[in-house]
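Residues per chain are reported as follows:
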Amino acid sequence: MEFGESLRMSLRAIRGHRVRSSLSALGVVIGVAAVITLVTLGTSLQAEILSQVAGDRAPNMFVWVGPPGGRPGFGAQAVFTRHDIAGLRRIDGVAAVIPQGVVPVVALAHDGETVSQNNVVATTPAQFRNREFVAGGSFEQGEPEVVLNPIAARLFEDRVTVGDRVSIQMASGETVNARVVGVLDGSGGTGQFDDGALPQVYVPTRPFYGSTVESPTQGAKQHVYPLLTVVAESHEAVPETKARVQSYLGSNADAARLAPDEYSVRVQTDRDLVRQVEELLTTLTTFVTSIAVVSLVVAALGIANVMLVSVTERTREIGIMKAVGAQKRDVLQLFLTQAILLGVIGSVFGVAVGAVGGYLATDYVGLPLVFAAEVIPVAIAVGLVVGMVTGLYPAWSAARVDPIDALRYE
């Protein structure tokens, strides 16, 4: 039997049982649509997060000493002395080294209102070289000034603005009155270790930061920091500069001698962070999509059931076909074509429904639509495979029908 004839007879059989065929194909539609919707949502989320993480970042390297594994900055130890910072600044390819320390505080007060706060971040004005300010600008070293992120500025009922004064109650019991000189723009953090979802208060290392340690190489007390941001001269110079930084900190630095046992110097770039985020989002998207694949399994069972019923209903037709010379392969081809058609029709409509679902889902959560066009041929191929696999046994059963028994079948 020619394939064209098999296709014509299969379409006639599908049209002859429109409701039943539609219900069996509906399972494929739902399965494919769910997969495409979730893949589109995941791809859009991934593109949005990566654009925020990468953005127009400087060629930064983030340095800390911590235990193996864990997120960036996890378990950071205060081991980087002034000697280390000066040595890093002399490395070829390094444009700047920005220390970052933590000042323990109890609370912040403004205009008679007090809010609790665990700590403030001590750093240098270079920390804000690539940041936009809603108002004001960076602080100056040696001055009692602070910079706030937007959430910190909204901590008080009377929102803090540039020029206001806040009282910082230190964990040591001392209270420092400081002037607000800048409020950061809310788009992104000032460093890889910052959390834009939390209130952040930034102060200059002088006069706020006082953590010191005796330098193993210099034999004198020096300020010591848990986190450093090393800025390379260009994005192209980051890989080589990162290698030089790791080499220096692994042998010539105070950090190597002050680091606790089992801790190591960790250097991570923005590219490393982007790669980690991308891997995490890909894994999440794959997991969620695999759940939607369950509906395809249900759809496959529906097609198999419809085809088995079709074989039973068309037993006499099969007998007549064989009586006039049809071979087993002709009957097999006929029923297999019908099953594949149901799968392909379902997948085509599923792609259309999934595209609409992806648009509505991304619009609902406020993400830019990024449609993964490569899933379209995959979805149609899945429908073809589902139809082929589920129709194979019913088609084989139809091909094995004895023509004499089939002609006697009522």
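That block above? That's the structure.
Enquirer: Break down the layout of surface pockets for me, with residues and values.
Expert: Over the atoms, a rolled probe matching the size of one water molecule traces out where space is still vacant. Taken as a whole, the second largest pocket holds about 210 Å³ of empty space. For the second largest pocket, the full set of lining residues is R82, I85, A86, R89, P99, T124, Q141, T205, R206, Y209, H223 and Y225. Mapped onto the lining of the second largest pocket, the elements with two or more residues apiece are α3 (82-89), α5 (205-208) and β12 (221-225). The element best represented in the lining of the second largest pocket is α3, accounting for four residues. Its residues assigned to classes, the lining of the second largest pocket comprises five nonpolar, four polar and three charged.

Enquirer: Summarise the pairing of strand β9 (residues 175-184); cite the residues concerned and give the values.
Expert: The buried count for β9 comes to seven of ten residues, which makes it a mostly enclosed element. With three bridges connecting them, strand β6 (residues 133-136) and β9 associate as antiparallel partners. Each bridged residue has a counterpart across the sheet, and for G136 the counterpart in β9 is G182. Examined bridge by bridge, strand β7 (residues 145-148) and β9 share four bridges and lie parallel to one another. Across the sheet, residue V147 finds its bridge partner in β9, namely G182. Two elements, strand β8 (residues 165-170) and β9, share five bridges in a ladder whose sense is antiparallel. Note that in β9 the partner of S167 across the bridge is N177. Counting the residues that bridge the hairpin from β8 to β9 gives four residues, and of these G173 lies at a positive phi of roughly 100°.

Enquirer: Before we move on, could you go through a nonpolar patch on the surface and cite the residues and values that matter?
Expert: On the surface, V19, L23, L26 and I30 cluster together into a nonpolar patch covering about 400 Å² of accessible area. Mapping I30 onto the fold places it in helix α2 (residues 18-54). Taking the relative accessible area as the measure of exposure, I30 reaches 48% and is therefore partly exposed.

Enquirer: Can you tell me about the sheet that holds strand β11 (residues 212-214), naming the residues and giving the values?
Expert: Strand order in the open sheet formed by three strands is β2-β12-β11, and the pairing between neighbours is antiparallel. Each edge of the open sheet is held by one strand with a lone partner, namely β2 (80-81) and β11. Strand direction decides the pairing type here: β2 and β12, joined by two bridges, are antiparallel. By the bridge assignment for β12, F80 is matched with Y225.

Enquirer: I'd like a description of the side chain of D84, backed by residues and values.
Expert: Its location among the elements puts D84 in helix α3. In this structure D84 is buried but unpaired, with R257 as the nearest side chain of opposite charge at 6.9 Å. Aside from chain neighbours lying at most four places away, what touches D84 is V79, Y248, A253, D254 and A255.

Cut-offs and rules
- Residues numbered from 1 in each chain as written.
- Predicted model: local features only at pLDDT ≥ 70, side-chain atom pairs only at ≥ 80, totals over all residues.
- Heavy atoms only, no water.
- 1 Å grid on protein atoms, 1.4 Å probe; cavity = no way out; pocket = protein on both sides within 12 Å on 5 of 7 lines; lining within 4 Å.
- Points joined across faces, edges and corners; volume = space filled by probe spheres on them.
- Helix = DSSP H or I, 4+ residues; strand = E, 2+ residues; numbered from the N terminus.
- Nonpolar A, V, L, I, M, F, W, Y, C, P; charged D, E, K, R; others polar.
- Buried < 20%, exposed > 50% of the residue type's maximum accessible area, 1.4 Å probe, protein only.
- Pairing = 2+ DSSP bridges.
- Patch = residues over 30% accessible without salt bridge, like charges linked within 9 Å, V, L, I, M, F, W, Y side chains within 5 Å.
- Areas by Shrake-Rupley, 256 points an atom, 1.4 Å probe, with all protein chains shown as cover.
- Salt bridge = Lys/Arg side-chain N within 4 Å of Asp/Glu carboxyl O.
- Lys, Arg positive; Asp, Glu negative; His and termini not counted.
- Contact = heavy atoms within 4.5 Å.

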